[in-house]
Amino acid sequence: MSADAKKKPIQLGAQAPDFIAETTQGKIHFHEWIGNSWCILFSHPKDFTPVCTTELGSAAKLSAEFSKRGVKLIALSVGSVATHHEWIPDINRTQGANVNFPIIGDENHSVAELYNMIHPQASDTATVRSVFIIDPKKNIRLIFTYPASTGRNFQEILRVVDSLQLTDRHKVATPADWKKGEECAILPSVTDPEELKKLFPQGFRQITPYLRMTPDPSLQKAAK
């Protein structure tokens, strides 16, 4: 990766920076490893710490749900692969989990710096709790950044995956607090009555001209 590429800001819609790294499951070439899947790349500040232990356990317990959605999980810490291997048994034992996804060893901070995971105002060496959702085209679709003191909600990350996958396929957006299977908002750009009938055969509720709610269209299609 060139120095110029490293300087580019990480923004929504941008191509996820590629890299080669050692992980607990061997060396990976990141883009090749993602393949045609979605990916969640998330960092934790340090191995053998309490909040990080619960987070990796939570991610592991939801790994089957992510897999159903075609999502690969990969974690990162500035610790070594050897240290990760020593820590994983603790995670599995204390969280009742099975960490079956790779954890990147990033002792030289190369990946952390590439993805702007080290914030000097928080720590000069430890990564903040960053989350990147990356689609099969290798574009970044979500960026979360949490402080080290606050554990992430992986159910929320799963919810965002559901929203992104739904809205990629249908002309809808998901409202506040939406969960898979609940009503969605029809995009304001869809105004033609015939198109509305075709796209939303179960109809919709018009609350205002711009706020029209319809049953989850992925369920409508399945019901045909």
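Residues numbered from 1 in each chain as written. Predicted model: local features only at pLDDT ≥ 70, side-chain atom pairs only at ≥ 80, totals over all residues. Heavy atoms only, no water.

A.B. asks: Looking at this model, I keep getting lost on helix α7 (residues 154-169). Mind explaining?
C.D. replies: Since there are 3.6 residues in each turn of an α-helix, residues three or four apart along the chain are aligned in direction. Its 16 residues give α7 an end-to-end C-alpha distance of 23 Å, which sits within 8% of 22 Å, the value for a rise of 1.5 Å per residue. Measuring from the side-chain oxygen of the N-cap residue of α7 to the backbone nitrogen of Gln155 gives 3.0 Å; that N-cap residue is Asn153. (Helix = DSSP H or I, 4+ residues; strand = E, 2+ residues; numbered from the N terminus. Expected span 1.5 Å × (residues − 1). Polar contact = N/O pair within 3.5 Å; in protein donor to acceptor, adjacent residues only side chain to side chain.)

A.B. asks: I tried to follow the packing of aromatic side chains on my own but got confused; where do I start?
C.D. replies: Here a ring pair, both rings aromatic, is described through the centre-centre distance and the interplanar angle of the planes. Within this structure, the stated rule accounts for 8 aromatic pairs. On the basis of an interplanar angle of 15° and a centroid distance of 6.4 Å, the ring pair of Phe30 and Trp33 is categorised as stacked. Of the two residues, Phe30 and Trp33 both sit in helix α2 (residues 30-34), 3 residues apart, roughly one turn of that helix. Pair check on accessibility: Phe30 and Trp33 agree, each one buried. Members of the aromatic cluster, each reached through a chain of ring pairs, are Phe19, Phe30, Trp33, Tyr115 and Phe132. Against the face of Trp33 rests Lys72, its NZ or CZ located 5.1 Å from the ring centre. (Phe/Tyr/Trp six-rings, centres within 6.5 Å; stacked < 30°, edge-to-face > 60°. Buried < 20%, exposed > 50% of the residue type's maximum accessible area, 1.4 Å probe, protein only. Lys NZ or Arg CZ within 6 Å of the ring centre and 35° of its normal.)

A.B. asks: Any chance you could explain the environment of Arg159 here in plain terms?
C.D. replies: Positionally, Arg159 belongs in helix α7. On the basis of relative accessible area, Arg159 is assigned to the partly exposed category, the value being 22%. Side-chain polar atoms of Arg159 contact the backbone oxygen of Trp178, separated by 2.8 Å.

A.B. asks: What is the right way to read the sheet that holds strand β11 (residues 211-214) from this model?
C.D. replies: Sheet strands associate in pairs through backbone hydrogen bonding, adopting either a parallel or an antiparallel arrangement. With antiparallel pairing, 4 strands are arranged side by side in an open sheet as β8-β9-β11-β10. A single partner strand is all that each edge strand has here, and the edge strands are β8 (172-173) and β10 (205-208). Note that β10 and β11 share 3 bridges and pair antiparallel. The partner of Thr208 across the bridge, within β11, is Leu211. (Pairing = 2+ DSSP bridges.)

A.B. asks: Would you take a moment to explain helix α5 (residues 81-95) for this structure?
C.D. replies: Between its first and last C-alpha, α5 extends 20 Å over 15 residues, near the 21 Å set by a 1.5 Å rise per residue. Where α5 bends most, at Trp87, the angle is about 30°, and the proline Pro89 comes one to four residues later. Within the span of α5, buried status applies to Val81, His84, Trp87, Ile88, Ile91 and Gln95. Check the buried side of α5 and you find it contacts β1 (20-23), α3 (50-61), β4 (71-77) and β5 (103-105). Gly96 lies just past α5 and shows a positive phi near 60°. (Bend = angle between axes of the 7 residues up to and from the residue. Contact = heavy atoms within 4.5 Å.)

A.B. asks: How do you make sense of the confidence of the model for the protein when you look at a structure like this?
C.D. replies: In low-pLDDT segments, the atomic positions of the prediction should not be examined closely. The share of residues in the protein with pLDDT of 70 or more is 90%, and the mean pLDDT across the chain is 90. Of all the helices and strands in the protein, helix α1 (residues 3-7) carries the lowest mean pLDDT, 48, while β8 carries the highest, 98. With pLDDT under 50 throughout, residues 1-6 is counted as low confidence; its partners more than four residues away or in other chains account for 5 contacts. Overall, residues 120-125 carries pLDDT values under 50, and its contacts beyond four positions in sequence, including any with other chains, amount to 6 contacts. (pLDDT = per-residue confidence, 0-100.)

A.B. asks: Just to check I follow, could you spell out the nonpolar core for this structure?
C.D. replies: For soluble globular proteins, nonpolar side chains are generally found buried alongside one another. Judged by nonpolar contacts, the single largest core of 29 residues is most densely connected at Ile40, Phe42, Leu56, Phe66, Phe101, Ile133 and Ile157. The set of elements that each furnish at least two residues to this core consists of β3 (38-43), α3, β4, α5, β6 (129-134), β7 (140-146) and α7. By residue number, the principal contributor to this core is α7, which donates 6 residues. Counting 22 residues, the second largest nonpolar core, distinct from the first, contains Ile10, Ala16, Leu114 and Ile134. (Core = buried A, V, L, I, M, F, W, Y, C linked by side-chain atoms within 4.5 Å.)

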